[in-house]
Each structure stands twice: as structure tokens, then as C-alpha cells.
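Single-letter residue listing:
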Amino acid sequence: MNENVLNKLKILAESAKYDVSCSSSGTVRSNKAGMLGNTVGGWGICHSFAEDGRCISLLKVMLTNYCIYDCAYCINRRSNDLPRATLSVSELVDLTMEFYRRNYIEGLFLSSGVVRNPDYTMERLVRVAKDLRTIHRFNGYIHLKSIPGASRELVNEAGLYADRLSVNVEIPKEENLRLLAPEKDHESVFAPMRYIQQGVLESAEERRKYRYAPRFAPAGQSTQMIVGATAETDKDILFLSSALYQRPTMRRVYYSGYISVNTYDKRLPALKQPPLVRENRLYQADWLLRFYQFKVDEIVDDTFPDLDLEIDPKLSWALRHPEQFPVDVNKADYEMILRVPGIGVKSARLIVASRRFSKLGFYQLKKIGVVMKKAQYFITCSELPVRTVNEMTPQRVRNLLVQKPRKKYDDRQLILDFGDGENDSVYIR
């Protein structure tokens, strides 16, 4: 392999590592005769994670780390003195195919700094995806970052070749975005989001009429917000996330704890390390919005605008609303059972299905997968050995459930989860 290309790859892979919205899930491409690769396997290709929790199954790289913008929070900002590199379209296509044949990767996550103008950069990104699909017959996963401000025509063409498109919001509030990135605005982000949404919906309608009509970004779109670079509360962030999820094609909102890469810029906070605990609490709250039927104002409000860093958002809500408990697991409806700390989606469904045959007690719930350490304070059933939250006090229950480590741990080593006994939580090991 060309040494010059590998040197470029080293620079551009390092520059791409701060973008966390690199999920490889959400689509299925079955193997086809004459094509190379597939993404069969449930929700997408297989993927693994690095020690810091980042997805590494894709070739995660930038086309170039040159950029005309000077965003305060970005390592690749125009004013930074760092090694720069640019891969040509053919170099990146050959690199992807070579890595795929060696079984290093199963797909491509491609982003780029903005050179010349958004349309020029977007056109080069589209050419990479187009060449992979049409010339090399590559059938693996492709995730493209759509450039804010790119034209509708280029976004529409990108959707024909990419599995997922994404545009990063970056800063939740417009005024704070203008403070840190004066050359950007939210409209340049939301416009491509609308183009992607319209393309997906039009493609779905077309495929209902014509079975073999081309698919448009079948894995939908995602976005990313930086947490901790500006003064937004968790309430501000989650309200924007909730609004984005109202769009039928928005699959994921990613949260990236601000990493202090430009310490010389006085507009930015001086953080010793990224707010990783806060980042994980936001992911947990996001999960409540998407799968647990919570509303934003139930998780955060004017009285509690920020998430509790000591306990997960579901437990925090339960302790603030003791009047809702205890819940009788043998009689309550699915929606209320789902709100009990320690009971996840799978467990709630199993409870509803199992109680038709017999009454459930402590040991049956434990077998189902309920984390009784938490749930026991918020439910009633036969043979429950402890008092509920109303017989005690919310503060007393909180004291019992808040983990007090015997020795001091680095925040980056914490394991944060809902305690629901299911793989629906966000971990940092």
C-alpha cells in the first residue's frame, strides 16, 4: 500500500475521531450477485467499540482536514497549526476497498472539513460513495456526513448511494453557535436535514408503488450535539432532541462531551476532562424519550433543568414522584410498569405476558430479569420483603441506592446504566 496514502490516513483518521455519530446500525443490504459485501445481520453490520466507547468497525476518516471555517471548538479549525492532508477521491475509494478485502472494516464513515465551499466538498464526498457503489460494486455500509449549506441536488444524490446521512447540529442554541462559530447558523444545518427527510419519504412512497425503485438513505439520518462547550442546560438539549425525533427519519441524536482541544480560545470553558458522566446521563434520558414513553418535561423542567449526575434519570423521576408508587405489577398497565426503576422494556413485556397465568412474586420477577435492588422500593406484589418508597422516604431510598465507592474512581471508569438488567444502557468502561 502506498506509504504516502497511509501517512495521509494517519492524519485524517486522527482528525475524525471527535465525531461520535458513527453508528453502523440501521439498515440491511443483502448479498447480491456481482457485488462485494453485505450488511445482513439484524439491524446492520457487526461493530465493535474501542476502550473509550467509540465505534471502530467502520473506516472512520475525513476526506480532508483543511477547513475554511474557524469554529472555536473544532480541532480542525482554520487557525490551528496542525498537520493537514487531503485524500483524493480515487485514493479514498482504493483505501476502503483494500481495507475491506483485508477484513479490517465492514463499511465507511466519511466526513470532511469544508474546502472552497459546501457544494465543492459535498460533491467530492458524493463521488466517493458513487464510485464505491457503481464502479467497485461495494455493497457494504456507507455513512456520509452531509455538509451544512450543501445544495439539495447534491444531498439527494448522496442519499442514493449512502445508507445513512447525518448533519451535525453541534451547538443546541443559535446564539451560542454564532458565538463559537460565527460563519455558521442553524438554518444551514436544518436545510439539509429537511432535504434528507423529504428524500426518504419520497423514496418510501415510490417503493410502495414500484418494488425495485431505488432506496434513499435507508438507515435514515442522525446528528450530534456538543455537551459542555456552552451554557445550555440539559433541558435545552433534550427539548431540541425531542423536536428532532418528531421528524420521521431522525434515528439518533448523539451527545459528545466537550473535549478541550483549543485551550487558548477564551470563549471556551477550561475543563480538565470531558463531562462524560453528563454525556451518559443525556444518553439515558434520550433512551427514555425513545423507548420508555417519557416526555422531556417529565425528565427535566424549570425546577430541575439539569440531570442528576448521581442517579439515572428514570430513578430521579421516580423519587420526585413518590405519589405514583407503589405499582402493583400484577394489575398495572404496561406503560406504568415501564416507569418503575429496575424494569426495562423486555422485563415489562414479560411481566404483562406472564401475569396472565399466575400472580408474580419477588422470585418470579427476579427470574424475569427485573433488578429488584431498585424495583423493590417502587412495586407491590406477593412476598415483597422490603418497605416501599412511601413507607420510607424518597431521600432514604436515594441514600440506599446511590453507590458509594470504597475508593476513588476516575469518572472515565464509571459504569453507568439504568439498572434494568438489559442491554439498553450506555456504558463506559
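Calculation criteria
- Residues numbered from 1 in each chain as written.
- Predicted model: local features only at pLDDT ≥ 70, side-chain atom pairs only at ≥ 80, totals over all residues.
- Heavy atoms only, no water.
- Helix = DSSP H or I, 4+ residues; strand = E, 2+ residues; numbered from the N terminus.
- Buried < 20%, exposed > 50% of the residue type's maximum accessible area, 1.4 Å probe, protein only.
- Polar contact = N/O pair within 3.5 Å; in protein donor to acceptor, adjacent residues only side chain to side chain.
- Contact = heavy atoms within 4.5 Å.
- Pairing = 2+ DSSP bridges.
- Axes fitted to C-alpha atoms, helices over the stretch in contact; angles between N-to-C directions.
- pLDDT = per-residue confidence, 0-100.
- Phe/Tyr/Trp six-rings, centres within 6.5 Å; stacked < 30°, edge-to-face > 60°.

Caption draft 1: The side chain of asparagine 65, seen in detail. Checked against the element boundaries, asparagine 65 lands in the loop between strand 1 (59-62) and helix 2 (89-101). With relative accessibility at 0%, the residue asparagine 65 sits in the buried group. Polar side-chain contacts of asparagine 65 include one of 2.9 Å to the backbone nitrogen of alanine 85. Dropping the residues within four chain positions of it, asparagine 65 is found in contact with Ile11, Leu12, Ser15, Asn76, Leu82, Pro83, Arg84 and Ala85.

Caption draft 2: Local environment of the sheet that holds strand 4 (residues 164-166). Read across the open sheet, the 6 strands follow the order 1-2-3-4-5-6; overall the sheet is parallel. The open sheet has two edge strands with one neighbour each: strand 1 and strand 6 (250-257). Between one strand axis and the next, the sheet turns by 20° as a mean value, whatever way the strands run. One ladder, built from 4 bridges, connects strand 1 with strand 2 (residues 107-111); its direction is parallel. If you follow lysine 60 over to strand 2, its bridge partner there is phenylalanine 109.

Caption draft 3: Main features of the confidence of the model for the chain. Per-residue confidence for the chain gives a mean pLDDT of 85; residues scoring 70 or more make up 85%. Residue range residues 40-46 is modelled with pLDDT below 50. Its contacts to residues more than four positions away, or to other chains, number 24 contacts. Counted against residues more than four places away or in other chains, residues 423-429, with its pLDDT under 50, gives 28 contacts.

Caption draft 4: Spotlight on the packing of aromatic side chains. Enumeration according to the criterion identifies 8 aromatic pairs in this entry. Ring geometry for tyrosine 100 against phenylalanine 138: centres 5.3 Å apart, planes inclined by 85°, an arrangement best described as edge-to-face. Here tyrosine 100, found in helix 2, pairs with phenylalanine 138, found in the loop between helix 3 (118-134) and strand 3 (141-145); they are 38 residues apart in sequence, far enough to count as distant. The pair tyrosine 100 / phenylalanine 138 is uniform in exposure class, with both members buried. Feature note: the residues Phe294, Trp317, Phe325 and Phe378 constitute an aromatic cluster, connected by ring pairs.

Caption draft 5: Local environment of unusual backbone geometry. The amide bond that connects phenylalanine 325 to the next residue, proline 326, takes the cis arrangement and shows omega of 0°. Along the chain, proline 326 turns up in the loop between helix 10 (313-320) and strand 7 (327-328). For arginine 137, which is not glycine, the phi dihedral falls at a positive 55°. By the secondary structure assignment, arginine 137 is in the loop between helix 3 and strand 3. Located in the positive-phi region is glutamate 170, a residue other than glycine, with phi close to 70°. Position of glutamate 170 relative to the elements: it lies in the loop between strand 4 and helix 5 (174-180). Residue class for glutamate 170 comes out buried when judged on its relative accessible area of 16%.

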